[in-house]
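Breakdown of the fold
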Amino acid sequence: MTASPPPDEPASPTSSQLLWRLCSLAWRFRGLAGLVLALNVTLVVLNLGSLSFTGLGIDVLRETLVSGATAAQWPGGVQPPTDWSPRAHLVVVAAIVLACSALSAVTKYVTALVSALLSQRMLVQLRAEIYDKLQRLSFRFFDRHDSSGIIGRVAADAQAVRSFIDGVVLKVLTVVLSLAVYMGYMLALHVPLTLACLCTSPLLWIGAVWFSRSVRPLYLRSSELSDRMISALAENVQGIQVVKGFAREPEEIARFAEANRRIKDQKYEIFRRLSTYQPMMGFLTQVNQLILIGYGGYLVIRGELPLGAGMFVFANLMSEFAGQVGQIVNIANTIQSSLTAAERVFEVLDAPLELTDAADAVPLPRAKGHIRFEHVTFGYHPGQPVLHDVTLDIAPGERIGFVGETGAGKTTLLGLVSRFYDPNAGRVLIDGVDVRQYRLNDLRRNIGLVFQESFLFSNTVAANIAFGRPNASLDDITQAAQLSAAHEFIAELPAGYDNLIGEHGSNLSGGQRQRLAIARALLLDPPILMLDDATAAVDPETEHEIRTAIERAMAGRTTLIVSSRVSTLRRTDRICVLKQGRIVELGTHDELIEQRGEYFRLARLQTVEDVLSDDVAPSETTR
Amino acid sequence: MSGIDMLTRLGAKDEDEHRQRPLDFRLITRLMQSTRRYVAARNWLIVVVILRSIQLPGLTWVLTLVITGPVAAGDIAGVIWGAVAFALLAASTQVVMHFRQRLALQLGEAVVHDLRNELFAHLQTMPMSFFHRTKVGRIISRMISDIEDVRVGVQEVLYVSLVQFGQMGMAAACMIWYDWQLFLIVLALAPVFWLLNRHFQGVLSERLRAMRESFSRITATLAESVLGIRVTQSYVRQDENARMFAELVADHSRYNSSVLQAHGLFIPLLEFNSQLFISVLLLVGGWKALDLGSADGVGNLISFLFMANLFFAPISVLGNQYSQALTAMAGAERLFALLDAAPEWTDPPDAVPAPPLTGRVEFEHVTFGYSPAVPVLSEVSFVAEPGQTVALVGHTGSGKTSIINLLAKFYLPQSGRILLDGFDLHQLTGESIHRQMGLVLQQNFLFQGTVADNIRFAKPQATDAEIFDVCHRLDCLDLFVALPQGLQTPVGERGAQLSLGQRQMVCFARALLADPRLLILDEATSSIDSRTEHRLQQALRVLIRGRTSFVVAHRLSTIRQADLVLVLDHGRIVERGTHTELLRHRGVYAHLYERFVQTGG
């Protein structure tokens, strides 16, 4: 079973492929979506009903009051008995208008409820699906993408994809159907007038398309410029010490003002176009009304069109019509942003799970702790190996230290044991079996990991310790905390083990966080313990406390410990010196110092603080 | 990094910021003042707005006039004249619309532009302690979202509201003119609208807040999951996390639905109200017309139906504008709070620019803490003669960096004095001190731009020859020339395109180009390969030669070269002297050195 080469970035799909996939996603929700659509069409019909009956009311009045006015045309010829008084007719019409409105209000409410149900159902499903997938993706994915981008995919992009379904697919169908209903009604009233009044509509459409095309690059440029302005600001704030230290404030102000001015210029150009386009479009819709006044007025005078059910209704429908056409432009914009979001969402959903259990994966109840690297070669990017042909045998219960310059491959080596990545060549064995043959979850449950930055979750202290075994008893948790020298400070917290930890453990000191991280690892009682530079980010006083915790933690476990501090390394059984991905030296502290090689050199590069911190522990006991 | 930013921006606990705020006359006046520079545009805008609020009802009025007049009477010439009048009015409306849009948009943008510049310039005057306290995300959100809210306030709220009010007023006047009794019916409905609006705004804002909170729980959890993915996977927590997340999402969706439901009830109710009005109008107006028995009544009814639309449409628009006004208030409040935040200290008014310095530095009983209650330095006194190199040695947190921060006048001491060539540092302008100071920090902060840009940072007017000369003196020219585009290679965000060693060299060159009298240097601790390390040591030697240098020393080799070693512990100087003197003294430093030799060789 040779390792597969890391997959390259997949080619980005074309718009039509994306559209197709989005549509098939929409199809999954066809039941509710169809209902929403039907309700929307009902609404259009009801609106038309109340409008046309209002018009009819006018005609009923004119019939009685104006000599020579055309007779009121009741739809379908169904009309109240002619011997009823005009007042009775009026009451009937008003009652119908009221009934239509009431029905329409109820329908609208139901539509809103169903739409909400639909959009929420989609959103919940999408978010949960993306999140679930994210959790299972290999680290390569997280290496490739920055964290805020990934967060955006679940939070914002899922929303944008959802809006494709109700904002584009459903909207387009609704608009098309409404336009059809309106058109049909108007055509039924008077064909030539309808055509005359709508003759500018294609122009509206063309204008909208032309305009959005012409300003899109301007908008893109403007958001680019504003990103640049923001990054100038962020940089300034982050490097403020340098700015102040070199008295560069005036230049920075000028630089920012320049970035700011360019946004303004760009915006002014957009405004110029926008404020020309919109009145022009507005005028086009008014041309429709103008035609209605002229031609429609002529028709009414000729008696070919009723004033109420004809002209009055037409005038009102025209503005509805213009509104619907305008919506199409908004929809076109939504499509664009949905496509971008969809691409990002599908990238997550489609990302292959690089590390999966083999079909015949074997369980690993509890490892003995024998670890062996056999000719392991590995790189994060093809052609740039980080580890070259590493072979190393670690006996059960052994403590081995890893040391080397930044980028020598120490952390990578540990990651291969946990199978965060698979080697490109060679293999990693635990108890004589290739780690790829174990069930992944079993493998990881056998390893306790403490990272350089102890990442804590905003939850209680107890829940953080029990992170790997959520159902652990409080006794187990307390025991792990005692072992990692964390119990004392936890007991002093206002709420003890139930105390909430702030985001990233902001209410704890570095040493306290690190001890909780160790407790978290010890709770699992793992046969293998890996400490990745666990003391690097900690001040020397607390390092001493952590060291006690580490000493206790290592007892009876195979321990792999990455550190740059001689004081830590000296306490291991063997030290493995890595340089540019190769093991260059291997032996005890004394042997390696004797050799006067790489380890000796690294030890000399110890910073003064390292030595000082090493000093704290013994001096406290000797003084 | 950016993920954490996002978290702090969206974290619920962090958001003590309100999205809306009641109308505040003080803030409104201040916003109006910010348009002062564009007084002509603003006044024209008001004229245009008033024109428009007459034109819009005018159009509808002409339309109804034609329908009820010539059309009803069968007067074809009248129809044509009416159409002409409509066409002219429509054209003029759109011309006015053009100016109304353009002026308002430009005014808003101009105000925003000025505010941004003002904010940025203000930030530059703030002392370091401000940046120490304030998260970058906070400042950025002032600059993006708050300013954006203010823009909408300036660009839209006032002018849109004016147009809408004008339209309502004109429509009301027309209706009274036609039939004041019918208008009373309209008027009777208005309070219903108002109450409905009030009630739903209240309900909605409550539910929206709950929804936003639940959403920030989602993003916060999400951010944690992504940033902590290594922990999650290595502790096999995926299923448990997925379950918890699904709960959060479902919870959020409940709030979301409740918002949508409130909307779903509100809008139909509002519309039903105006429809109700139409059927009442039809009945009452029709009844009256029949009583009257003339065609005039029908004409009035038609006009009323059109005008009522004009009268009702602004209500929801105004409701919207009102809520935007409240949002703008909240944005303006935060923005002005930052703009008004006075620097904790500034150079005293009688501060003088520093003369060319020789570089003698004296600390006299200096006590200092970032928060006054927790002193980081107590009673520190020492003298550095011109040209001397002072090495600061001690634990993390012993006060080395604080000494540097005080010397650079990033902070002021609580008590005691710092003298530069005998002048009290406080009495010299910060800017003049910084012009004679070079700074190399541990993070090696580089700005986006090329290598040359970054070196030139210290002296913007420096020629290429000067830059070459500086690199030559540091013996690092080959390092930069070997880059893809030599000195013109972009360094990327925070210098990510360069190696650690190269970044540090750029910072050295930057400091050397400034040719400062005072050099402040925080030595890097990360281990780089021995060849680069060696070259950096050589360059450092060149850099500190001939100027008073303060080095936070992490390497013994650096300490050995120092003329004065200050050993710090808990904010006090516990030992001082040269390397040799201190060894002879057999104190803390000697002990330290022994151990170093033991472990290192």
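What you see is a predicted model; the values in this text were computed from it and never measured. (Residues numbered from 1 in each chain as written. Chains lettered and ligands numbered in written order. Predicted model: local features only at pLDDT ≥ 70, side-chain atom pairs only at ≥ 80, totals over all residues.)

**Describing the overall build of chain B**
Looking only at helices and strands, chain B has 20 helices and ten strands in total. In terms of C-alpha radius of gyration, chain B reaches 36 Å, well past the compact-globule figure of 25 Å for 601 residues. Structurally, chain B occupies a C-alpha span of about 120 × 60 × 50 Å along its principal axes. Excluding contacts between residues fewer than 6 apart, the proportion of contacts in chain B whose partners are at least 24 apart in sequence is 80%. (Helix = DSSP H or I, 4+ residues; strand = E, 2+ residues; numbered from the N terminus. Rg over C-alpha atoms; globule rule 2.2 N^0.38 Å. Contact = placed C-beta atoms within 7 Å.)

**Quick word on the overall build of chain A**
When helices and strands are counted, chain A shows 21 helices and ten strands. Relative to the globule expectation of 25 Å for 623 residues, the C-alpha radius of gyration of chain A, 37 Å, shows a markedly less compact shape. Structurally, chain A occupies a C-alpha span of about 120 × 60 × 55 Å along its principal axes. Taking all 623 residues of chain A together, the buried fraction comes to 45%. (Buried ≥ 20, exposed ≤ 12 C-beta atoms within 10 Å, placed from the backbone.)

**Quick word on the interface of chain A and chain B**
Taken together, the 125 residues of chain A in the interface contact 135 residues of chain B. Of the residues forming the side of chain A that touches chain B, the biggest block, 28 residues, is contributed by helix α9 (residues 249–301) of chain A. Its residues placed into classes, the side of chain A that touches chain B shows 69 nonpolar, 30 polar and 26 charged. (Nonpolar A, V, L, I, M, F, W, Y, C, P; charged D, E, K, R; others polar.)

**Focus on unusual backbone geometry**
All names here are of chain A. Within the chain, Asp 525 stands out as a residue other than glycine whose phi angle is a positive 45 degrees. Mapping Asp 525 onto the fold places it in the loop between α16 (510–523) and β7 (528–532). Exposure remark for Asp 525: the 16 C-beta atoms within 10 Å place this residue in the partly exposed category.

**Looking at the sheet that holds strand β5 (residues 433–434) of chain A**
All names here are of chain A. If you trace the four strands from one edge of the open sheet to the other, you get β2-β1-β4-β5, paired in antiparallel fashion. Each edge of the open sheet is held by one strand with a lone partner, namely β2 (387–394) and β5. Bridge analysis of strand β4 (residues 425–430) against β5 gives two bridges, and the strand direction is antiparallel. Bridged to Leu 429 within β5 is Asp 434. Packing of helix α11 (residues 410–417) onto the sheet brings it into contact with β1 (371–378), β2 and β4, and relative to β1 it is tilted by some 120 degrees. (Pairing = 2+ DSSP bridges. Axes fitted to C-alpha atoms, helices over the stretch in contact; angles between N-to-C directions.)

**A word on the packing of helix α7 (residues 201–238) of chain A against helix α6 (residues 136–178) of chain B**
Packed helix pairs are specified by the crossing angle of their axes together with the interaxial distance, meaning the distance between the axes. Axis separation between α7(A) and α6(B) bottoms out at 10 Å; the angle between their running directions is 150 degrees. In this view, α7(A) runs roughly antiparallel relative to α6(B), as classed from their interaxial angle. Here α7(A) and α6(B) pass one another in a crossing that is right-handed. Within the contact between the two elements, α7(A) uses A:Ile230, A:Leu233, A:Ala234, A:Val237 and A:Gln238 and α6(B) uses B:Val136, B:Ile139, B:Ile140, B:Met143 and B:Ile144. (Parallel < 35°, antiparallel > 145°, perpendicular 65-115°, else oblique. Left-handed = near helix turned anticlockwise from the far one by under 90°.)

**Thoughts on the sheet that holds β7(A)**
Residue and element names in this part refer to chain A. Spatially, six strands are ordered β6-β7-β8-β3-β9-β10 in an open sheet, and the strand pairing comes out mixed. Two strands in the sheet have a free side with no partner beyond their single neighbour: β6 (447–450) and β10 (582–587). When strand polarity is set aside, the average angle formed by the axes of neighbouring strands in this sheet is 15 degrees. Sheet topology note: the strand β9 (residues 574–579)/β10 ladder contains five bridges and is antiparallel. Paired with Lys 579 across the bridge in β10 is Arg 582. Sheet contacts for α16: β6 and β7; angle to β6, the most-contacted strand, approximately 175 degrees.

**Overview of the packing of helix α14 (residues 474–483) of chain A against α16(A)**
All names here are of chain A. Here α14 crosses α16 at 125 degrees, and the two axes come no closer than 8 Å. By the angle class used here, α14 and α16 are oblique. Helix-helix and strand crossings are classified by hand; for α14 and α16 the assignment is right-handed. Residues Asp 476, Ile 477, Ala 480, Ala 481 and Leu 483 of α14 touch α16, and the partners they reach there are Ala 519, Leu 522 and Leu 523. Tallied by class, the residues present in the contact of α14 with α16 amount to seven nonpolar, no polar and one charged.

**Concerning the confidence of the model for chain A**
Residue and element names in this part refer to chain A. Taken residue by residue, chain A gives an average pLDDT of 83. The fraction at 70 or more is 91%. The lowest-confidence element of chain A is helix α21 (residues 608–622), averaging 47 in pLDDT; the highest-confidence one is β1, averaging 95. Within the model, pLDDT remains below 50 along residues 1–10, and this stretch shows nine contacts once partners closer than five positions in the same chain are excluded. (pLDDT = per-residue confidence, 0-100.)

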